Amino acid sequence: MVFCGLGPPPAAATLAHYRGLGLDLVPGTGLLAACVPGTFETWMLLLRDYGTLPLADVLEPAIGYASEGHPLVERASATIASVEQLFRRHWPTSAAVYLAGGGVPVPGVLFSNKAHAETYRRILREAQSAGGSRERQIDAARHAWSQGFVAEAVDRFCRTQDVMDTSGTAHRGVLTGADMAAWKPPVEAPLTYQYGRYTVCKAGPWNQGPVMLQQLALLKGFGLDGADPTSADFIHTLVECSKLAYADRETFYGDPKFVDVPIAVLLSDDYNAARRKLVTTEASLELRPGTIAGYGKTLGMRAQGSGGGGAGAGEPTVGRTPLSRAPWTHDEKVPAAGIVRGDTVHFDIVDRAGNMVSATPSGGWLQSSPTIPELGFCLGTRAQMFWLEEGHPAALAPGKRPRTTLTPTMALRDGEPYLAWGTPGGDQQDQWTTQLFMRHVHAGLNLQQAIDAPAWHSEHFPSSFWPREARPGVLVVESRMPRETIRELERRGHIVEVDTDWCEGRLTAAARDGRHRRAAANPRGMQGYAAGR
């Protein structure tokens, strides 16, 4: 089952309203990009229906960390520093939390958020006062969130605060308590694709999950068994198939409750046989979506630099300074590492009973929007993934789910639950998850080897995050990639940029195989998460 914790935009988030404000894109920060905050309700639903722990056991660790503090990791400190002036000049409620000591907190300092702790304490008090069963108390917690004091604080903040965003103008939000009260987490069957012995399961097509399934539908025609996963042939084939799948994402994907997405055609053998012919020995520099009569709308690509910049904007998981990558120069020099900001997480769990969970929580980044002072947290900005283009499947509409990049993955093998895997990383997620799967299935690598192998990502297609720009033909590879592979990829027309040794993805995986449990975790960047460099 798919539990969707992605809340939709509010009832007042219409194309007419945003266009009337003079906008051509939904801002990447601030309150106009805020959707219904759905994560808490979704975790509570999952806990109620499939969990066993009492609510107090689940909330008390979070309350403790928020109240008593936890050591601030280096990347959190760097992220706060990147938006320090925004907080001081425009977002004073965020400055009160993140600059409470008068400056940017240094790595290792005990960082606390008393208001956030009190929010969870109050939810727990109200839940326990409801009495009754574990399930009754969890439902009371959900009510406190979506119809009680949390919703009231969100409503009041959006209604009264003029907030600076990436448009360069201050705007009030349109999210209300009524929007929160009306929303319930959807629970749906997954989309699936049969790839040999494996049934791969994804959410969608309201998110980018089908992109992986489309890549598999293209790749199954290339005979990749025994392939060298660091060869130019292997990488070129995966990259070119990803370009075709992501072009279709930009053209056809949207919330199926609002638009008819031709997913059966997109995954069909005939469609992919025709699309597969577009993959040649040369790198494509075009955005080439398919054509399905009566479906989709093509917007083309915005070249990088056309949308400007903005403090706190962009995808927070893989953002880097411009100097962190450089085109390969055929010498042994490795570009200096840039700053990587991380907020999205991913985890995969197989418990002793064989239950499997794959989840990619994200949103409400500290740089997304100002902290709501009574609650201690800010609202997410997923509405920036909508287009303000009438008739596009991913056009903004009230109640419509954003075409998010969050995309956990599961697979059955020979009809039995086998593997859960995924990664943070915005648009790159379904590139890295596909790479792991293909290395495991075709190259025979175990899960840890499949994660550790030199990796890459394409930036050829429009970003899902403000300002929605593309870098046609750009292929970013880790510097551990064989030199001859890099030269051959360049010869084929890829614009290769070489990054640091261990920078591509944050993959994890967990598998069950009969009575055995296996897991693998990503070594990339862990020093930055744990204790700083």
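Since the model is a prediction, treat every value here as computed from it, not as a measurement. (Residues numbered from 1 in each chain as written. Predicted model: local features only at pLDDT ≥ 70, side-chain atom pairs only at ≥ 80, totals over all residues. Heavy atoms only, no water.)

A. Region of interest: helix H2 (residues 39-50). Helix length check: H2, at 12 residues, gives a terminal C-alpha distance of 16 Å against a target of 16 Å (1.5 Å per residue), a fit within 8%. Of the residues making up H2, those classed as buried are Phe40, Glu41, Thr42, Met44, Leu45 and Leu47. In this structure, the buried side of H2 is in contact with strand S1 (2-3), helix H3 (55-68), helix H7 (114-129), helix H8 (134-146) and strand S6 (187-188). (Helix = DSSP H or I, 4+ residues; strand = E, 2+ residues; numbered from the N terminus. Expected span 1.5 Å × (residues − 1). Buried < 20%, exposed > 50% of the residue type's maximum accessible area, 1.4 Å probe, protein only. Contact = heavy atoms within 4.5 Å.)

B. Quick look at the nonpolar core. Val200, Trp421, Phe437, Met438 and Trp456 are the most contacted members of the largest nonpolar core, which has 58 residues in total. Looking at this core, the element that brings in the most residues is helix H12 (residues 232-252), giving 11 residues. Judged by nonpolar contacts, the second largest core, of 49 residues, contains Leu55, Trp145, Ala153 and Met180. (Core = buried A, V, L, I, M, F, W, Y, C linked by side-chain atoms within 4.5 Å.)

C. Just the sheet that holds strand S13 (residues 409-413), in detail. One open sheet holds the 6 strands; their spatial order is S7-S8-S13-S14-S19-S20, and the pairing between them is antiparallel. Each edge of the sheet is formed by a strand with only one pairing partner; in this case those strands are strand S7 (191-195) and strand S20 (516-521). For this sheet the average axis-to-axis angle between neighbouring strands, irrespective of direction, equals 20°. Here 6 bridges tie strand S19 (residues 508-513) to S20, and the two strands are oriented antiparallel to one another. The residue bridging Ala511 from the neighbouring strand is Arg518, located in S20. (Pairing = 2+ DSSP bridges. Axes fitted to C-alpha atoms, helices over the stretch in contact; angles between N-to-C directions.)

D. Spatial organisation of a nonpolar patch on the surface. Taken together, the side chains of Met1, Tyr50 and Val187 present a nonpolar region at the surface, about 360 Å² in accessible area. Checked against the element boundaries, Tyr50 lands in helix H2. A residue is classified by how much of its surface remains accessible, and Tyr50, at 58% relative accessible area, is exposed. (Patch = residues over 30% accessible without salt bridge, like charges linked within 9 Å, V, L, I, M, F, W, Y side chains within 5 Å. Areas by Shrake-Rupley, 256 points an atom, 1.4 Å probe, with all protein chains shown as cover. Salt bridge = Lys/Arg side-chain N within 4 Å of Asp/Glu carboxyl O.)

Shape is all these values report; function is a separate question.
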